[in-house]
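The chain contents come next:
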Amino acid sequence: MSRHVLSVTVRDQPGVLVRIAGLFARRGFNIESLSVAQSEVPGQSRTTFVVSGDDPTIEQVEKQLNKLIDVISVVDHTHAAAVDRELMLIKVRVRSPEERVEIRQIAQDFRARIVDVSRSALIFELTGDEGKVDAFIEQMRPFGITELIRTGRVALSRTAASTNRASHPTQAPAVARAS
Amino acid sequence: MTGSEVVMRLLERHGVEVVFGHPGGAIMPIYDALYDSPIRHVLVRHEQAGAHMADAYYRASGKVGVCFATSGPGATNLVTGLATAMLDSSAVVAITGNVPSGLIGTDAFQEADVYGITGPITKHNFLVKDVRELPRVLTEAFHIATTGRPGPVLVDITKDVQQATFEGSLEAEVDLPGYKPTLVGHAGQVKRAAEAVRAAERPLMIVGGGAQCAADEVVAFAERTGIPVTTTLMGIGAFPAGSEQALGMPGMHGTVTANRAISHCDLILAAGMRFDDRVTGKISRFAPNATVVHIDIDPAEISKLVRAHVPVVGDLRDVLPRLGAELGRLDVGPWREQLAAWKARYPERYETGETLASQEVLELLRQASGGDCIVTTEVGQHQMFAARLFPTSRPRSFVTSGGLGTMGFGLPAAIGAAMARPGETVVCVAGDGSVQMNVQELATLYKLQLPVVIAILNNGMLGMVRQWQELFHAQRYSEVYLADSNPDFAKLAEAYGIEGHNVFDRADAEARIAEAFAAKKPVLLNFFVYEAEKVFPMVPAGAGVDEMILGDQEAPEAPREPVVSA
Ligand SMILES: Cc1ncc(C[n+]2csc(CCOP(=O)(O)OP(=O)(O)O)c2C)c(N)n1
Ligand SMILES: [Mg+2]
């Protein structure tokens, strides 16, 4: 079992997410996180999935995604150079002025931005890779986390080309993987 | 021009000659446009049957089948038919009406989320809420259904779109950046496949439903190389069953020879098949010694269940001739002798007596047909017997629900196949259980007066379920008995205006079959057959193909010999 970050470029068609979600559910694939937004090409969205599974499972995930007519390309960032980030909003309880100082100090170390201040709470915005986000949560836990929300990971490959180009599974990847 | 007229013009442009359908409120504008169209319409008595007819029309002809249904219950009735077509990769375009777009999502009268419901059981589907999209959507629907791995496509069209005025061109470009089927096999992979096949001493070719469009190429390849061939249920007819190289069907109810060949071979050349569990049995015991070369047009089928050592994505019509060109005659003499010996030792065996045996009836039908008819089947024991005793020698001529195993498929399929191949006789091999699931189509058949012989192998039972209960549920026969309440099928046929006969013995069977083939019109023959027959050999669910129960297929003179893998 390993975790894979997949960038899936899709046509903006009604129901395209339902198709993808249905495919995952029907075939028993595990989605850990999913984020969707428009890409730089009008009419196309880029979705980032974090899925876990063994290699044959991930190979099936990619092939089955590629079979969906509205899926334009599937790129697995796991073995390629890629950057991935996650955004979190987190509300932390503040009980005393001393705590406030302490929390702000930690937030500064993480480069978390304060986006809302009240007498009894602070809301931070934090961007980073998954490890950084997780670590910040751990640091805040002792103070009391009222609520938090994470976008899930989004990723881009470091290569110059766009992952949007219509790349359907040609022989090459299937061959490379199986032999 | 209205949206409905756009639909009919586009169907005409795509060469559609016949539509199978049933009208209703939300599709009435399209039926109004149909009234003026040269396209023929077959009025079915249940939309499920319309989908099966369209499906069988494609399977028998290679031309896309089209069906119509209204919104809500009409469309939901299509569901089983679409799922059947999906699992057997059949090119169907289903057009459904829906409530006006302003009412979508309001639980309007006869509204169902047909787009949502049919997504998982179609290759693709569309919901059209703007008349300007119609030419593109319909063009794409036909393109998707018929290219790559074929499959059903549903186009749901709201009623206001059907009534709207359309201005513009009916020409439309296919705009599908995410859809580019790979047709041409990768040269390096074809070479690697050839090397693997050449290196094998005991190669075996398994031909599936994907080969129905490539029968010439399969035959040419097999003749050139001398490789033995087993055809799955879906592959029947893609390689002639009578050939010396043919081993019959593999899998759960396959022949001893085909299953032993799988256990003993050192290479499998899988062509247009997908290692269904009914073929493989327990995967870990499937072809343990074999290198697997898998040719398929759908990359997702490769290494899905059985790891392919040499995958080749492409159309068999491209790959097989190129692979053949790399290979000459294979040195498979000793292997072929071994297979011939098994074939001789395990011929099809069954007991006959006063009561007709299903197998006996099928042999009589095959003899009477002279190998020159289309066979459709329902689902159950009779289907497996038909696959073994009444396989056709031509492609696209054995029409059966393999993947979904849909009872109720056979009778409508016979109508669809007969429409696809005018003048050819169709034999529908049916069970007394299955045939009742779409028996209302006798009316459609009567109306069309097609040369269809319905042969019911009437064992008074849900025989296949009974067989499992006998073997695996301690003879606890739960809810499988039909005989006490079956209709008189001959009279039922007559009620629909179709000639029907009850047949009890061999002499009568021979005579009735001869008459039925000569009649060139619908005839129903209700054969009362032995009720406790079992289909043997059988690989129990979850067992390996080397763990066949031979049952009465065991040669009586031979000592009981366990089937062992190499
Ligand atoms: C729609 C549907 N329901 C249930 C089944 C399960 N099933 C498979 S075979 C069978 C018995 C079929 O009986 P019959 O048509 O009389 O054929 P026989 O096995 O007796 O030849 C049943 C119930 C099925 N395949 N399809
Ligand atoms: Mg029966």
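Residues numbered from 1 in each chain as written. Chains lettered and ligands numbered in written order. Predicted model: local features only at pLDDT ≥ 70, side-chain atom pairs only at ≥ 80, totals over all residues. Heavy atoms only, no water.

Mind showing me how you'd approach the overall build of chain B here?
Scanning chain B from terminus to terminus reveals 21 helices and 17 strands. Relative to the compact-globule value of 24 Å for 566 residues, chain B shows a C-alpha radius of gyration of 24 Å, a close match. Overall size of chain B, expressed as C-alpha extent along the three principal axes, is 75 × 60 × 40 Å. Burial statistics for chain B: of 566 residues in total, 61% are counted as buried. In chain B, of all internal contacts separated by at least 6 residues, the share reaching a separation of at least 24 is 75%. Just so you have it, chain B exposes about 20,500 Å², and 52% of that area is on carbon and sulfur atoms. (Helix = DSSP H or I, 4+ residues; strand = E, 2+ residues; numbered from the N terminus. Rg over C-alpha atoms; globule rule 2.2 N^0.38 Å. Buried < 20%, exposed > 50% of the residue type's maximum accessible area, 1.4 Å probe, protein only. Contact = heavy atoms within 4.5 Å. Areas by Shrake-Rupley, 256 points an atom, 1.4 Å probe, with all protein chains shown as cover.)

Would you explain the site of ligand 1 in this entry?
Residues and elements named next belong to chain B. Around ligand 1, the surrounding shell holds 17 residues, and the nearest of these are Q381, H382, G405, S434 and G463. One of the side-chain nitrogen or oxygen atoms of H382 is found 2.8 Å away from an oxygen atom of ligand 1. In the environment of ligand 1, an oxygen atom lies 2.9 Å from a nitrogen or oxygen atom belonging to the side chain of D432. The protein chains hide 76% of the 590 Å² of surface that ligand 1 would expose on its own. Tallying contributions element by element places helix 19 (residues 463-472) first for the shell around ligand 1, with three residues. Considering only residue class, the shell around ligand 1 consists of seven nonpolar, nine polar and one charged. (Near = heavy atom within 4 Å. Polar contact = N/O pair within 3.5 Å; in protein donor to acceptor, adjacent residues only side chain to side chain. Nonpolar A, V, L, I, M, F, W, Y, C, P; charged D, E, K, R; others polar.)

Any chance you could explain the nonpolar core here in plain terms?
For soluble globular proteins, nonpolar side chains are generally found buried alongside one another. Residue and element names in this part refer to chain B. One finds M205, L269 and L323 to be the most contacted residues of the largest nonpolar core, which totals 62 residues. Every residue in contact with L269, bar those within four places of it in the chain, is listed here: L204, M205, I206, F221, I227, V293, I295 and L323. In terms of nonpolar packing, the next biggest core, distinct from the first, is built from 51 residues, F20, V44, A75 and A417 among them. (Core = buried A, V, L, I, M, F, W, Y, C linked by side-chain atoms within 4.5 Å.)

What should I look at first to understand the interface of chain A and chain B in this one?
Note: interface size is frequently given as the accessible area lost on complex formation between the parts. With 26 residues of chain A at the interface, the matching set in chain B holds 32 residues. Across the chain A/chain B interface, buried area totals approximately 2,200 Å², and carbon plus sulfur atoms make up 54% of it. Our count for the chain A to chain B interface comes out at two salt bridges. For R307(B), the salt bridge identified is with E59(A), shortest N-O distance 3.3 Å. The interface formed by chain A and chain B holds nine residue pairs in polar contact (both at pLDDT 80 or more) in total. By residue number, the principal contributor to the side of chain A that touches chain B is helix 2 (residues 55-67) of chain A, which donates seven residues. Residue composition of the side of chain A that touches chain B, by class: eleven nonpolar, seven polar and eight charged. (Buried area = accessible area lost by both parts, 1.4 Å probe. Salt bridge = Lys/Arg side-chain N within 4 Å of Asp/Glu carboxyl O.)

Whenever I open this one, the coordination of the magnesium ion (ligand 2) confuses me. Can you help?
Angles at a metal have ideal values that depend on geometry: 109.5 degrees with four tetrahedral donors, 90 or 180 degrees with six octahedral donors. Residue and element names in this part refer to chain B. Looking at the magnesium ion (ligand 2), one finds its protein donor set to be D432 (OD), N459 (OD1) and M461 (O), positioned 2.1 Å from the metal centre. Sequence positions of the residues that donate to the magnesium ion (ligand 2) give the spacing D-x26-N-x1-M. Overall, the relative accessible area of 11% leaves N459 in the buried class. (Donors = N, O, S within 2.8 Å, 3.2 Å for Na, K, Ca; no water.)

Explain the environment of G209(B) to me, please; I cannot follow it from the model alone.
Residue and element names in this part refer to chain B. Mapped onto the elements of the fold, G209 is located in the loop between strand 7 (203-207) and helix 10 (215-225). G209 gets classed as partly exposed once you look at its relative accessible area, which sits at 32%. Setting aside chain neighbours within four positions, we find G209 in contact with T232, M234, G235 and G272.

Which parts of the structure should I look at to understand the confidence of the model for chain B?
Low pLDDT marks regions whose predicted coordinates should not be analysed in detail. In the predicted model, chain B carries a mean pLDDT of 96, and 98% of its residues have values of at least 70. Confidence over residues 557-566 of chain B falls short of pLDDT 50; this stretch has 19 contacts with residues more than four positions distant or in other chains. (pLDDT = per-residue confidence, 0-100.)

Is there a simple way to think about the packing of aromatic side chains in this case?
In this description, an aromatic ring pair is defined by two values, namely the gap between the centres and the angle between the planes. Residue and element names in this part refer to chain B. In total, this model carries nine aromatic pairs over all chains according to the counting rule given. Here W468 and F472 contribute two aromatic rings whose centre-to-centre distance is 5.7 Å and whose plane-to-plane angle is 80 degrees, an arrangement assigned as edge-to-face. Of this pair, W468 and F472 both sit in helix 19, four residues apart, roughly one helical turn. On the basis of relative accessibility, which here comes to 25%, the residue W468 falls in the partly exposed class. Classification of F472 by relative accessible area gives partly exposed; the value is 33%. (Phe/Tyr/Trp six-rings, centres within 6.5 Å; stacked < 30°, edge-to-face > 60°.)

Explain the pairing of strand 9 (residues 267-271) of chain B to me, please; I cannot follow it from the model alone.
On a regular strand, each side chain points to the face opposite its neighbour's, so the side chains alternate between the two faces of the sheet. Residue and element names in this part refer to chain B. Counting buried positions along strand 9 yields five of five residues, so the element is predominantly enclosed. The alternating pattern of strand 9 places L267, L269 and A271 and I268 and A270 on opposite faces, both of which are buried. Both strand 7 and strand 9 contribute to a ladder of five bridges, which runs parallel. If you follow P203 over to strand 9, its bridge partner there is L267. In the sheet, strand 9 pairs with strand 10 (residues 291-296) via five bridges, with the strands oriented parallel. The partner of I268 across the bridge, within strand 10, is V292. (Pairing = 2+ DSSP bridges.)

Whenever I open this one, the packing of helix 15 (residues 358-369) of chain B against helix 21 (residues 506-519) of chain B confuses me. Can you help?
Helices that pack against each other are described as a pair by the angle of their axes relative to one another and the distance between those axes. All names here are of chain B. Contact geometry for helix 15 and helix 21: axes closest at 10 Å, N-to-C directions at 35 degrees. Where helix 15 crosses over helix 21, the handedness of that crossing is right-handed. Along its contact with helix 15, which presents E360, V361, L364, L365, A368 and S369, the element helix 21 presents R506, A509, E510, I513 and F517. (Axes fitted to C-alpha atoms, helices over the stretch in contact; angles between N-to-C directions. Left-handed = near helix turned anticlockwise from the far one by under 90°.)

Hey, could you run me through the domain arrangement of chain B in this one?
Residues and elements named next belong to chain B. Under the domain assignment used here, chain B contains domain 1 (3-163), domain 2 (187-345) and domain 3 (358-529). Put simply, the middle of domain 2 and the middle of domain 3, counted by C-alpha atoms, are 30 Å apart. The interface is formed by 18 residues belonging to domain 2 together with 17 residues belonging to domain 3. At the junction of domain 2 with domain 3, the criterion picks out zero salt bridges. Applying the counting rule to domain 2 against domain 3 returns two residue pairs in polar contact (both at pLDDT 80 or more). Among the residues making up the side of domain 2 that touches domain 3, the classes are represented as ten nonpolar, six polar and two charged. (Domains from an automatic or database assignment.)

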